[in-house]
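One letter stands for each residue in the lines below.
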Amino acid sequence: MMKKALIPLLAIAAASVAVPAVAQNHDRHDRGDRYEQNRGGWQSISNRKYQLDRRIEVGQRNGSLSRREATRLKTELHSLVRLERNYLRGGLTRWERSDLDRRYDRLSVEVRAERRDRDNRRRY
């Protein structure tokens, strides 16, 4: 008799633990924000600005970017920052956020391409 009463209690206890774990991350992809590719976590726009600036600086320091390339990329980054400030005046709409996201993606691809194009590296 005791065993029959224990089985439903164990089933209820197991279900009460499993249900919150299943429900906790359903809205993760609906935020409309950027996810980092390497770590799988969310990356804010301000963090993307910082990462792009750092990649440009490192590229200039290690010689994979010329001064001219770095200046052009930094100018594009600063124009994106100005555009973001203009968008923020009235609050970011979903379209403005996705527009900024596309522009940061495009700039990130440009930085990667310029760092890998071997324009300023010595050929031995």
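For clarity, every value in this text was computed on a predicted model and none was experimentally measured.

Participant: Got a minute to help me understand the pattern of salt bridges in this structure?
Facilitator: Any two side chains of opposite charge can pair, given that their charged atoms come close. Applying the stated rule across the entire model yields 10 salt bridges. A salt bridge links lysine 74 to aspartate 53, with the nearest nitrogen and oxygen atoms 2.5 Å apart. Of this pair, lysine 74 sits in helix H3 (residues 67-88) while aspartate 53 is found in helix H2 (residues 45-62), placing the two residues 21 residues apart along the sequence. Between arginine 102 and aspartate 99 there is a salt bridge whose closest N-O contact spans 3.6 Å. With arginine 102 and aspartate 99 both in helix H4 (residues 94-116), this residue pair falls three residues apart, about one helical turn. Connected through shared salt-bridge partners, Arg72, Glu76, Glu110 and Glu114 make up one network.

Participant: Can you help me understand the nonpolar core in this one?
Facilitator: A general feature of soluble globular proteins is that nonpolar side chains tend to end up buried together. Core analysis: the biggest nonpolar cluster contains 15 residues, and Leu52, Ile56, Leu73, Leu100, Tyr104 and Leu107 have the highest contact counts within it. Mapped onto this core, the elements with two or more residues apiece are H2, H3 and H4. Considering each element in turn, this core owes the most residues, seven residues, to H3.

Here is what the cut-offs are and how they apply
- Residues numbered from 1 in each chain as written.
- Predicted model: local features only at pLDDT ≥ 70, side-chain atom pairs only at ≥ 80, totals over all residues.
- Heavy atoms only, no water.
- Salt bridge = Lys/Arg side-chain N within 4 Å of Asp/Glu carboxyl O.
- Helix = DSSP H or I, 4+ residues; strand = E, 2+ residues; numbered from the N terminus.
- Core = buried A, V, L, I, M, F, W, Y, C linked by side-chain atoms within 4.5 Å.
- Buried < 20%, exposed > 50% of the residue type's maximum accessible area, 1.4 Å probe, protein only.

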